[in-house]
Amino acid sequence: GNSVTQMEGPVTLSEEAFLTINCTYTATGYPSLFWYVQYPGEGLQLLLKATKADDKGSNKGFEATYRKETTSFHLEKGSVQVSDSAVYFCALSSNTNAGKSTFGDGTTLTVKP
Amino acid sequence: GAVVSQHPSWVICKSGTSVKIECRSLDFQATTMFWYRQFPKQSLMLMATSNEGSKATYEQGVEKDKFLINHASLTLSTLTVTSAHPEDSSFYICSARGGTGSRNEQFFGPGTRLTVL
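Rules used in this analysis
Every residue gets a number counted from 1 within its own chain, in the order that chain's sequence is written. Each chain is given a letter, starting from A, and each ligand a number, starting from 1, according to the order in which they appear as written. Only residues with pLDDT of at least 70 are given local features in this predicted model, and only at 80 or more are side-chain atom pairs given and counted; all residues enter the totals for whole chains, interfaces and linings. Hydrogens are left out, water is left out, and the side-chain values use all remaining heavy atoms of the structure. Strand pairing is assigned whenever DSSP detects at least two bridges linking the two strands. Strands here are runs of E lasting at least two residues and helices are runs of H or I lasting at least four, both read from the DSSP assignment and numbered beginning at the N terminus. Structural elements are reduced to axes, namely lines fitted to C-alpha atoms, with helices fitted over the stretch in contact, and the angle between N-to-C directions of any two is expressed from 0 to 180 degrees. Within 6.5 Å between ring centres, the rings of Phe, Tyr and Trp (the latter by its six-membered ring) count as paired, and their orientation is classed by plane angle as stacked under 30 degrees, edge-to-face over 60, tilted in between. Relative accessibility under 20% of the residue-type maximum defines a buried residue, over 50% an exposed one, and the middle range a partly exposed one, all with a 1.4 Å probe and only protein chains included. By disulfide we mean two sulfur atoms from cysteines, separated by a distance within 2.5 Å. A cavity, in this analysis, means grid points on a 1 Å lattice covering only the protein atoms where a 1.4 Å probe fits yet has no way out; a pocket is instead an open set bounded by protein on both sides within 12 Å along at least five of seven lines, and a residue lines either one if it has an atom within 4 Å of a point. Grid points are joined across faces, edges and corners, and a volume is the space filled by probe spheres set on the points. Classes in brief: Ala, Val, Leu, Ile, Met, Phe, Trp, Tyr, Cys and Pro nonpolar; Asp, Glu, Lys and Arg charged; the others, Gly included, polar.

Draft legend 1. Focus on the sheet that holds strand S3 (residues 19–25) of chain B. Residue and element names in this part refer to chain B. Strand order across the open sheet formed by four strands is S1-S3-S8-S7, with antiparallel pairing between neighbours. Of all the strands in the sheet, the pair left with one neighbour each is strand S1 (4–7) and strand S7 (67–73). If you compare each strand with its neighbour and ignore which way they point, the axes differ by 15° on average. Bridging between S1 and S3 involves four bridges; their strand directions are antiparallel. In the sheet register, Gln6 faces S3, and the bridge partner there is Cys23.

Take a look at the structure:
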């Protein structure tokens with residue numbers, strides 16, 4: 001079946017540091033890949049997505065590239081801010097699984113001033 | 001566009017009572033809605049898939065008589081937690097698929113925090 005493996009957290013960085021959160025996946029067919037962000041006490045917000053190999057999703061300074069050869073979708077940001085502190089979830093969705101999403105365990109990011 | 005709302009945002013109830021949570025797609029028609037449960041500091045666990053006009057499909061281990069799902073229209077799905085107990089306390093999140101996004105994209109509601117005393 002489908003699965004998503006995320007880098008374990010928590011991750012603590014200083015403001016303006018470089019961020020990488022690793023995500024690898026296992027899936028049948030050609031899944032779409034997503035990164036979601038969850039702030040405390042809130043639901044999930046879509047951060048970025050990529051629907052096919054070599055696509056790069058980007059939003060708010062975050063980027064992730066769909067790498068089929070390494071089955072990865074690592075999240076990066078060049079300079080994090082305190083306001084980026086949240087939980088980040090990598091996920092995939094595939095029509096071979098009735099469109100259901102499979103989520104990673106989440107990575108908690110704390111950015112200190 | 002593609003906004004999903006949930007109501008209520010939080011609820012506290014006594015053990016043994018039933019609680020209904022609504023999930024609405026505000027500006028698009030959602031042919032499919034998903035219900036998730038999230039425990040503190042954990043990932044989302046899919047409970048069931050709800051298709052408009054048909055019975056919900058429950059994931060393994062989820063009691064369908066305990067968690068009643070009704071997808072009565074293309075913009076509304078409800079989750080009723082029947083005879084709630086403290087172990088049902090959790091954060092419940094719905095998502096909806098449809099609208100102008102890619103067919104594999106889901107739009108998430110803000111979640112409902114249920115506390116059973």
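Draft legend 2. Fine view of the packing of aromatic side chains. Applying the stated criterion across every chain, the model contains 11 aromatic pairs over all chains. Taken together, a centroid distance of 5.6 Å and an interplanar angle of 90° make the contact between Phe103 of chain A and Tyr36 of chain B edge-to-face. Remark: Tyr36 of chain B occurs in strand S4 (residues 30–38) and Phe103 of chain A occurs in strand S11 (residues 101–103); the pair is interchain, linking two chains. Owing to a relative accessible area of 10%, Phe103 of chain A belongs among the buried residues under this scheme. Three or more aromatic residues link up through ring pairs in this structure, and these residues are Phe34, Tyr36, Phe89 and Phe103 of chain A together with Tyr36 and Phe108 of chain B.

Draft legend 3. Region of the structure containing the pairing of strand S8 (residues 62–65) of chain A. Residue and element names in this part refer to chain A. The pairing of strand S7 (residues 56–59) with S8 spans four bridges and is antiparallel. Pairing of Gly57 across the sheet is with Ala64, part of S8. Counting the residues that bridge the hairpin from S7 to S8 gives two residues, and of these Lys60 lies at a positive phi of roughly 55°. Here three bridges tie S8 to strand S9 (residues 75–77), and the two strands are oriented antiparallel to one another. Paired with Ala64 across the strands is Leu75, a residue of S9.

Draft legend 4. Representation of the pairing of strand S2 (residues 11–14) of chain A. Residue and element names in this part refer to chain A. Side-chain alternation along S2 places Val11 and Leu13 on a buried face and Thr12 and Ser14 on a face that remains uncovered. Pairing of S2 with strand S12 (residues 107–112), which is carried by four bridges, proceeds in the parallel orientation. The partner of Leu13 across the bridge, within S12, is Val111.

Draft legend 5. Region of interest: the state of the cysteines. Applying the stated criterion across every chain, the model contains two disulfides over all chains. Note that Cys23 of chain A is cross-linked by a disulfide to Cys90 of chain A, the S-S spacing being 1.9 Å. Handedness here is read from the sign of the S-S torsion; for Cys23 of chain A and Cys90 of chain A, about -70°, the answer is left-handed. Residue Cys23 of chain A is found in strand S4 (residues 23–26), and its partner Cys90 of chain A is found in strand S10 (residues 86–93); the two are separated by 67 residues along the sequence. In terms of burial, Cys23 of chain A and Cys90 of chain A fall into one category: buried. At a sulfur-sulfur separation of 2.0 Å, the disulfide partner of Cys23 of chain B is Cys94 of chain B.

Draft legend 6. Region of the structure containing the layout of surface pockets. As a volume, the largest pocket reaches approximately 490 Å³. Tallying contributions element by element places S12 of chain A first for the lining of the largest pocket, with four residues. Partitioned by chemical class, the residues of the lining of the largest pocket number 10 nonpolar, 10 polar and four charged. There is about 250 Å³ of room inside the second largest pocket. Contributing to the lining of the second largest pocket are 11 residues, with Ser101 and Thr102 of chain A together with Leu44, Leu46 and Glu59 of chain B lying nearest its centre. A class-by-class count of the residues in the lining of the second largest pocket yields five nonpolar, four polar and two charged.

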